[in-house]
Amino acid sequence: MSAFSAIGDEREIDRDEFTPGIEPQATWCPGCGDFGVLKALKQAMPMVGRNPDEVALFTGIGCSGKLNSYFNSYGFHTIHGRSLPVARAAKLANPELEVIAAGGDGDGYGIGGNHLIHTARENHDMTYIVFNNEIFGLTKGQTSPTSPKGHKSKTQPHGSAKSPIRPLSQSLNAGATYIARTAAVNPNQAKEIIAEAIEHDGFAHIDFLTQCPTWNKDAKHYVPYTDIQQSDEYDHNVSDRQEAAEMMFQTENKLYEGEVLTGRYYVDDQSPSYGEEKRATGEMPEEPLAERYFDEDAEWERTYDELLHHHK
Ligand SMILES: Cc1ncc(C[n+]2csc(CCOP(=O)(O)OP(=O)(O)O)c2C)c(N)n1
Ligand code: SF4
Ligand SMILES: [Mg+2]
């Protein structure tokens, strides 16, 4: 058994283990879609057989960033838009950790957009959940990169002049190897997609539609939705890049026309993850870097010790 996790410990896992011992009163508003993400995430954990001490959750800033407070695992509530670089470092230091990053549309597609592109491009093995409520929720409803064209807010009182970004297409172009969209109103699909994303070996991006009844009054509640895998109307091959691109393009257009399509869009099981590639080329050691920190005999320079030395 690793010193850093309970991996290998065969036992039944209950989703309630992911509820903190002293559960804080959730500060999300009644009817907020964020509750749906929390519920689906807790349900997905027993499906993938992970214990709380095998999981590290990295969040950005926003209502969505509060997920850490209500989910029992290792965690790091990072700064705005920066959950991914911190999550990457943790995964590289301890590849046995199940790394999950989460944040809002403003956090991940706006201020943190560059991190998303490069984390996807490098195919870091982790799951990234973006709570997409089409606005900045925590700061009271400003326009976000996914707000529809013409959407009025305090920052765009005459309506947003520009078209929203296309998160699924952008992720595909960047190099993500698992891309899905689900919605808080569809918990059964959501938990299955989260479980698949966690089990995927590479960068898995879930665009999670989360309604904000407080600040996005004219936002859809994302119903009725269509699960593209269940519908007879759609039958694209998820491992075909071109077909996935076309399906994403349609989905992104339809969201703003009032039709909500959800499901799996792209799954590439062939491309190696960043860690796998680096270990294969010998650039990274086989054993977790994190273990070296506790190894008194390890011959390596501790950045922290060095820092202290230079400032004596
Ligand atoms: C560097 C920095 N800039 C701006 C802010 C203010 N801020 C806090 S949350 C937020 C936007 C949150 O929107 P989103 O990421 O969509 O999350 P939501 O609240 O909708 O879940 C902003 C701009 C900040 N905390 N840090
Ligand atoms: S402001 Fe919106 S996103 Fe934030 S907790 Fe309330 S309903 Fe949820
Ligand atoms: Mg938001």
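A brief report on the enclosed structure follows. Everything quoted here is computed from the prediction, not taken from an experiment.

Here we take up the site of ligand 1. In the vicinity of ligand 1 there are 16 residues, among which Cys63, Ser64, Asp105, Asp107 and Gly137 approach most closely. One of the side-chain nitrogen or oxygen atoms of Ser64 is found 2.8 Å away from an oxygen atom of ligand 1. Burial of ligand 1 by the protein chains amounts to 72% of its free accessible area of 590 Å². Of all the secondary-structure elements, those providing two or more residues to the shell around ligand 1 are α4 (105-111) and β5 (135-136).

In the vicinity of ligand 2, the contacting residues are Trp28, Cys29, Cys32, Cys63, Asn133, Gly137, Cys212, Pro213, Thr214 and Trp215. Looking at the shell around ligand 2 residue by residue, the class counts come to seven nonpolar, three polar and no charged.

Listed as protein donors to the magnesium ion (ligand 3) are Asp105 (OD), Asn133 (OD1) and Ile135 (O); their distances from the metal cover 2.1 to 2.2 Å. Each donor residue of the magnesium ion (ligand 3) lies on the same chain, and together they follow the pattern D-x27-N-x1-I. Each member of the pair, Asn133 together with Ile135, is buried.

This next bit is on a negative patch on the surface. There is a patch of like negative charges on the surface, built from Asp201, Asp269, Glu276 and Glu277. With respect to the secondary-structure elements, Asp269 resides in the loop between β10 (260-267) and α9 (274-280). For Asp269, a relative accessible area of 58% gives the class exposed.

Over its 15 residues, helix α1 (residues 34-48) runs 21 Å from end to end, which matches the ideal 21 Å to within 8%, given 1.5 Å per residue. All buried positions along α1 are accounted for by Asp34, Gly36, Val37, Leu38, Ala40, Leu41, Lys42, Gln43, Ala44, Met45 and Val48. Looking at the buried residues of α1, the elements they touch are β1 (55-59), α2 (67-70), β3 (98-104), β4 (126-132), α7 (187-199) and β8 (203-209).

Counting buried positions along strand β7 (residues 178-183) yields six of six residues, so the element is predominantly enclosed. Across six bridges, the pairing between β7 and β8 is parallel. Residue Ala183 lies in a different strand from β8, and its bridge partner there is Leu209. Alignment of β7 against β10, held across four bridges, turns out to be antiparallel. Within the sheet, the bridge partner assigned to Ala180 lies in β10 and is Arg264.

Rules and cut-offs
Residues numbered from 1 in each chain as written. Chains lettered and ligands numbered in written order. Predicted model: local features only at pLDDT ≥ 70, side-chain atom pairs only at ≥ 80, totals over all residues. Heavy atoms only, no water. Near = heavy atom within 4 Å. Polar contact = N/O pair within 3.5 Å; in protein donor to acceptor, adjacent residues only side chain to side chain. Areas by Shrake-Rupley, 256 points an atom, 1.4 Å probe, with all protein chains shown as cover. Helix = DSSP H or I, 4+ residues; strand = E, 2+ residues; numbered from the N terminus. Nonpolar A, V, L, I, M, F, W, Y, C, P; charged D, E, K, R; others polar. Donors = N, O, S within 2.8 Å, 3.2 Å for Na, K, Ca; no water. Buried < 20%, exposed > 50% of the residue type's maximum accessible area, 1.4 Å probe, protein only. Patch = residues over 30% accessible without salt bridge, like charges linked within 9 Å, V, L, I, M, F, W, Y side chains within 5 Å. Salt bridge = Lys/Arg side-chain N within 4 Å of Asp/Glu carboxyl O. Lys, Arg positive; Asp, Glu negative; His and termini not counted. Charge placed at Lys NZ, Arg CZ, Asp CG, Glu CD. Expected span 1.5 Å × (residues − 1). Contact = heavy atoms within 4.5 Å. Pairing = 2+ DSSP bridges.

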